[in-house]
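Close look at the chain arrangement
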Amino acid sequence: YGGMGLDFSYNIAVAEELGNIRCGGIPMAIGVQAGMATPALTRFGSDELKKQFLVPTIAGDFVACLGISETGAGSDVANIKTTAVRKGDEYVINGGKMWTTSGCQADWMCLLANTSEGPPHQNKSLICLPMNLPGIHVAKKIDKLGMRSSDTAQIFFEDVRVPSKNLIGEEGKGFTYQMLQFQEERLWGVATVLTPLETIIQETIDYTRQRKVFDQSVLHNQAVHFRLAELATDVELLRSLLYRTVALYVEGNNVTKFASMAKLKAGRLAREVTDSCLQFWGGMGFTSEVLVSRFYRDLRLMSIGGGTDETMLSIICKYMEILPSK
């Protein structure tokens, strides 16, 4: 279908390299295209669907988006309200999606919707939804704290008709398919923050070395250089966890626990590194002229998007058998 046939570790290599881009929005948008809206289609879609949607997406001729979150259902995916009711050989879609990355410019959406009245983990399906169909309304591009180069849309569906053949895989398996997509999304996100965190630490070292306070460099203070050493150590530990998780995933293992751990640590560490380093930049760090202030805004999303820190903790607890499975 136009791809290179490489395993998932190459996605992570690309994601880590994209961290050299000096903002978070572009790697995130590429990640939606490469590792968030397309894995389920690649794994479970029909040959016809892959030719119609996957081939042009891989070629870069189509922009893809992922329609999961809603106003009342972000991390709680099971609680989504959007419906796709089967009528003849079509689904009729009603509802809406929120926080949709690339939603304003997307050619198609990988949509999660309720296709039956059954239990919330068994009544959902993924559907390839062309974004030019009647009844699709892109309400607005959301103004955000960070990731400002990435468009984020609020979208409504009003009696949108899509062919039933656009169903990805089996009806009712959408929740399961999306949980699998989340693993790749979360690992991509972890990989994209490694290089920015290293960059911020190094730029802070360089700045505090030449910035003088009370006749000595700021870096000379033990509280500063010890903190930077600690943060650098944490970044390396996160990288090791990511690489271990990816190796297990490539071998076909269930990595839900480790991927959730990595996502949790990446979100927490992104906040720690950017907050600590911005403090060492002093008043300059509070301006828009330095990279640390941009990443302070951009990387804050890591603890929210793709499942909040609290959701990751709940998943980890489940796999540690601290909490009962649902």
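Residues numbered from 1 in each chain as written. Predicted model: local features only at pLDDT ≥ 70, side-chain atom pairs only at ≥ 80, totals over all residues. Heavy atoms only, no water.

Moving on to the overall build of the chain. A tally of regular secondary structure across the chain gives 9 helices and 10 strands. Its C-alpha atoms give the chain a radius of gyration of 21 Å, near enough to 20 Å, the size a compact globule of 326 residues would have. For the chain, the spread of C-alpha atoms along the principal axes amounts to about 80 × 40 × 40 Å. Relative to its full complement of 326 residues, the chain shows a buried share of 51%. (Helix = DSSP H or I, 4+ residues; strand = E, 2+ residues; numbered from the N terminus. Rg over C-alpha atoms; globule rule 2.2 N^0.38 Å. Buried < 20%, exposed > 50% of the residue type's maximum accessible area, 1.4 Å probe, protein only.)

Right, let's talk about the pattern of salt bridges for a bit. By the definition in use, this model includes 17 salt bridges. For aspartate 206, the salt bridge goes to arginine 209, with nearest N and O atoms at 3.9 Å. With aspartate 206 and arginine 209 both in helix α5 (residues 174-210) and 3 residues apart, the pair spans about one turn of that helix. Note that aspartate 309 and arginine 271 form a salt bridge whose closest N and O atoms lie 3.1 Å from each other. (Salt bridge = Lys/Arg side-chain N within 4 Å of Asp/Glu carboxyl O.)

Of all 7 residues in strand β5 (residues 124-130), 7 are buried; the element is thus mostly enclosed. Of the two faces of β5, the one lined by Lys124, Leu126, Cys128 and Pro130 and the one lined by Ser125, Ile127 and Leu129 are each fully buried. In the sheet, strand β4 (residues 108-114) pairs with β5 via 7 bridges, with the strands oriented antiparallel. Looking across to β5, one finds that leucine 112 is bridged to leucine 126. (Pairing = 2+ DSSP bridges.)

Here we take up the UniProt feature "domain: Acyl-CoA dehydrogenase/oxidase C-terminal" (unreviewed entry) in the chain. Feature annotation in UniProt assigns "domain: Acyl-CoA dehydrogenase/oxidase C-terminal" (unreviewed entry) to the following positions: residues 172-318. The span residues 172-318 is 74% helical and 3% strand by assignment, and the distance between its end C-alpha atoms comes to 23 Å. (UniProt positions renumbered as here; feature names shortened; annotations may be inferred.)

What follows is about the side chain of threonine 57. Residue placement: threonine 57 occurs in helix α4 (residues 47-59). For threonine 57, the side chain forms a polar contact with the main-chain oxygen of phenylalanine 53, separated by 2.5 Å. A distance of 2.8 Å separates a polar atom in the side chain of threonine 57 from a polar atom in the side chain of tryptophan 108. Sequence-distant contacts of threonine 57, that is, excluding residues within four places in its chain, are made with Gln33, Thr38, Phe62, Ala64 and Trp108. (Polar contact = N/O pair within 3.5 Å; in protein donor to acceptor, adjacent residues only side chain to side chain. Contact = heavy atoms within 4.5 Å.)

We now examine the packing of aromatic side chains. Summed over the entire model, instances satisfying the criterion amount to 4 aromatic pairs. Arranged with centres 5.1 Å apart and planes meeting at 70 degrees, the rings of phenylalanine 8 and tyrosine 249 form a pair that is edge-to-face. Taken together, the residues phenylalanine 8 in helix α1 (residues 8-18) and tyrosine 249 in helix α6 (residues 222-250) connect sequence positions 241 residues apart. The class of phenylalanine 8 is buried, set by a relative accessible area of 10%. Both rings, one in tyrosine 207 and one in tryptophan 281, keep their centres 4.0 Å apart while their planes meet at 5 degrees; by these two values the pair is stacked. (Phe/Tyr/Trp six-rings, centres within 6.5 Å; stacked < 30°, edge-to-face > 60°.)

What follows is about the domain arrangement of the chain. Size of an interface, as often reported, equals the accessible area lost when the parts are brought together. We note that the domain assignment places domain 1 (37-170) and domain 2 (176-320) within the chain. Placing a centre on the C-alpha atoms of domain 1 and another on those of domain 2 gives a separation of 30 Å. Tallying the contact residues gives 19 residues for domain 1 and 15 residues for domain 2. Across the domain 1 to domain 2 interface the summed buried area is about 1400 Å²; carbon plus sulfur atoms make up 62%. When residues of domain 1 are sorted by the area they lose upon contact with domain 2, Arg43, Ser75 and Met147 head the list and together hold 35% of the total. On the surface where domain 1 and domain 2 come into contact, there are 1 salt bridge. (Domains from an automatic or database assignment. Buried area = accessible area lost by both parts, 1.4 Å probe.)

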